[in-house]
Amino acid sequence: MRSIDLRSDTVTQPSAEMRAAMASAEVGDDVLERDPTLARLEERVAELLGMEAALWVPSGCMGNLIALMLHLKRGDRFLAPAQAHVLGSELGTGAWLAGGMPEALAWEGGLGRPTPAQVTRAAGSPGPYYTLRTTLLCLENTHNFAGGTVTPLAEHRALVAAAKAAKLAVHLDGARLWHAAVALGIAPSALIEGVDTVQVCLSKGLGAPMGSLLGGSKAHLAEARRLRKMLGGGVRQGGVVGAAGLVALDYLPRIAEDHAKTHRLAEGLREFGIAAPVPETNILLVPVPDAAAALAALEAVGVRALPVGPAVRFIPHRDLAMADIEEALSRIEPLAPVLRGA
């Protein structure tokens, strides 16, 4: 039985067009004179984001870590929404390598979102020299483990304003910022208004085999390049993967297709009596009574998914057509009692 892989939008395979671009890429040593293809990719992403500069990094985890290292001094506290990727999915590097003390903010503003008042309270006010110092707010848009939820522009602005009033720097984990922008019908640059740094990913939904970019000021990015090298990110002929990133950016207009597939999947599951929420982007978290049992049943019919707490996560992507979603639904229908706990 052909597998329908809905575990993540990172399972996509490079397209023939992308492979051809990689094979013919102009390359150079990025540690020495810079790689010309990576340089073009960085310039294009900086323009898309409305930032002064951008730096290619192998992964979103490294991009986020470099940002934290830029903004934190040892022992500084940083704030982030509960279940943010920088808190639970990057193996403690925010504390271990960036030297920061993380604090999770509950979702008082909606799924995946704190409120500006929470930011103000958590930041506190200056005290004696022995007072814990809070210097950074990390945001995430879309928020993965909240179900791909979007922070609207007005809320983004309010959160950034609260952070700036408290003299906090702001880093945005925008691994799926493209999806948030499409969902809101605005340019990605609008959703980074006021932030100091932002990380965006090319392998989530856009089909690149690897790579993220860190955007920020020229001064921040000059130091970020040094930090990338310190972390082992000395890139040689990176144009091979940079070329894949340039092709991936051409796929931005197709993100709406993935949102539509996710809406159809959720709609179909609800038709079976399964408690699927209405998704905001391309991530669907379906609460189930027994995640292990649900995943085993799905695997048995060739539908792959991942557990997120008490839920099963499905992420449609560009390698799946709407027909694949319909096929997945036809395979899932007999499993509905397992997924709804009947």
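Note: the structure precedes this text.
Described in the following lines is the structure provided in the data block. (Residues numbered from 1 in each chain as written. Predicted model: local features only at pLDDT ≥ 70, side-chain atom pairs only at ≥ 80, totals over all residues. Heavy atoms only, no water.)

A few points about the overall build of the chain
What the chain contains, in helices and strands, is 14 helices and twelve strands. Relative to a compact globule of 342 residues, whose C-alpha radius of gyration would be 20 Å, the chain shows 20 Å and is just as compact. With the C-alpha coordinates aligned to their principal axes, the bounding extent of the chain is approximately 60 × 55 × 35 Å. Counting the 342 residues in the chain, one finds 56% classified as buried. The long-range share in the chain, meaning contacts at least 24 apart out of those at least 6 apart in sequence, stands at 74%. A total of about 13,900 Å² of accessible surface is found on the chain, and carbon and sulfur atoms cover 58% of it. Counting 32 positive and 35 negative side-chain charges, the chain places the averaged centre of each group 5 Å from the other. (Helix = DSSP H or I, 4+ residues; strand = E, 2+ residues; numbered from the N terminus. Rg over C-alpha atoms; globule rule 2.2 N^0.38 Å. Buried < 20%, exposed > 50% of the residue type's maximum accessible area, 1.4 Å probe, protein only. Contact = heavy atoms within 4.5 Å. Areas by Shrake-Rupley, 256 points an atom, 1.4 Å probe, with all protein chains shown as cover. Lys, Arg positive; Asp, Glu negative; His and termini not counted. Charge placed at Lys NZ, Arg CZ, Asp CG, Glu CD.)

Considerations on empty space enclosed by the protein
One pass over the full model with this rule turns up one cavity of 30 Å³ or more. There is about 60 Å³ of room inside the largest cavity. Taken together, Pro 81, Gly 112, Arg 113, Pro 114, Leu 139, Glu 140, Asn 141, Thr 151, His 156, Leu 159 and Leu 172 form the lining of the largest cavity. In terms of residue class, the lining of the largest cavity is built from five nonpolar, four polar and two charged. (1 Å grid on protein atoms, 1.4 Å probe; cavity = no way out; pocket = protein on both sides within 12 Å on 5 of 7 lines; lining within 4 Å. Points joined across faces, edges and corners; volume = space filled by probe spheres on them. Nonpolar A, V, L, I, M, F, W, Y, C, P; charged D, E, K, R; others polar.)

Comments concerning the sheet that holds strand S6 (residues 169–174)
With mixed pairing, the seven strands of this open sheet are ordered in space as S2-S8-S7-S6-S5-S3-S4. Two strands in the sheet have a free side with no partner beyond their single neighbour: strand S2 (53–57) and strand S4 (101–105). Averaged over all pairs of adjacent strands, the angle between their axes in this sheet comes to 20°, without regard to strand direction. Pairing of strand S7 (residues 197–201) with strand S8 (residues 212–216), which is carried by five bridges, proceeds in the antiparallel orientation. Each bridged residue has a counterpart across the sheet, and for Thr 197 the counterpart in S8 is Gly 216. Across the sheet, helix H2 (residues 36–49) touches S2, S7 and S8, and the angle it forms with S2 is around 130°. Relative to S2, helix H9 (residues 218–230) is tilted by about 15°, and along the sheet it contacts S2, S7 and S8. (Pairing = 2+ DSSP bridges. Axes fitted to C-alpha atoms, helices over the stretch in contact; angles between N-to-C directions.)

A closer look at the environment of Gly 60
Here Gly 60 shows up in helix H3 (residues 60–71). Separated by 202 residues in sequence, Gly 60 and Thr 262 place their C-alpha atoms 23 Å apart. What Gly 60 contacts, discounting residues up to four positions off in sequence, is Gln 199 and Ser 212.

Re the pairing of strand S12 (residues 311–314)
Burial of S12 is two-sided: the residues Ala 311 and Arg 313 facing one way and the residues Val 312 and Phe 314 facing the other way are all buried. Relative to S12, strand S9 (residues 284–287) runs antiparallel, the two sharing four bridges. Across the sheet, Leu 285 pairs through a bridge with Arg 313, a residue of S12. Between strand S11 (residues 306–308) and S12, which pair antiparallel and follow one another directly, the connecting turn spans two residues, one of which, Gly 309, has a positive phi of 60°.

Some words on the packing of aromatic side chains
Scanning all chains against the criterion turns up one aromatic pair. The interplanar angle of 80° and the centroid separation of 5.3 Å between the aromatic rings of Tyr 129 and Tyr 130 together place this pair among those described as edge-to-face. For the residue pair Tyr 129 and Tyr 130, the accessibility class agrees, reading exposed in each case. Looking at Arg 318, its charged tip hangs above the ring of Tyr 251, at a distance of 3.7 Å from the centre. (Phe/Tyr/Trp six-rings, centres within 6.5 Å; stacked < 30°, edge-to-face > 60°. Lys NZ or Arg CZ within 6 Å of the ring centre and 35° of its normal.)

Side note on the pairing of strand S5 (residues 134–140)
Judged by how many residues are buried, S5 sits mostly within the fold: seven of seven residues are covered. In terms of strand pairing, strand S3 (residues 77–81) meets S5 through three bridges, oriented parallel. Residue Leu 79 lies in a different strand from S5, and its bridge partner there is Leu 137. Pairing between S5 and S6: five bridges, direction parallel. Note that in S6 the partner of Leu 137 across the bridge is Val 170. In this view, the connection linking S5 to its parallel neighbour S6 by way of helix H7 (residues 153–165) has right-handed handedness. (Right-handed = clockwise from strand over helix to strand, strands pointing away.)

Comments concerning the nonpolar core
Within the largest apolar cluster, 49 residues are counted, with the highest numbers of intra-cluster contacts made by Leu 41, Leu 49 and Leu 206. The element contributing the most residues to this core is helix H10 (residues 239–250), with six residues. Of all hydrophobic cores here, the second largest spans 29 residues; its members include Ile 274, Ala 294, Ala 297 and Ala 305. (Core = buried A, V, L, I, M, F, W, Y, C linked by side-chain atoms within 4.5 Å.)

Some details on the layout of surface pockets
Taken as a whole, the largest pocket holds about 290 Å³ of empty space. Lining the largest pocket are 15 residues, with Ala 123, Ser 125, Pro 126, Arg 133 and Thr 134 sitting closest to its centre. Along the lines of polarity and charge, the residues of the lining of the largest pocket split into six nonpolar, six polar and three charged. Empty space within the second largest pocket amounts to approximately 160 Å³. Looking at the second largest pocket, the residues that line it are Arg 34, Ala 39, Glu 42, Glu 43, Ala 46, Ala 53, Ala 54, Leu 55, Lys 218, Leu 221, Ala 222 and Arg 225. Mapped by element, the contributors of at least two residues to the lining of the second largest pocket are H2, S2 and H9. Taken together, the residues that form the lining of the second largest pocket break down as seven nonpolar, no polar and five charged.

Observations regarding helix H13 (residues 322–332)
Along H13, the residues that are buried comprise Asp 324, Ile 325, Ala 328, Leu 329, Arg 331 and Ile 332. Buried residues along H13 cover an arc of 160° about the axis, so they all sit on one side. Those residues of H13 that are buried lie in contact with strand S1 (4–5), helix H11 (255–271), helix H12 (291–300), strand S10 (303–304), S12 and helix H14 (336–340). (Arc of directions from axis to C-beta.)

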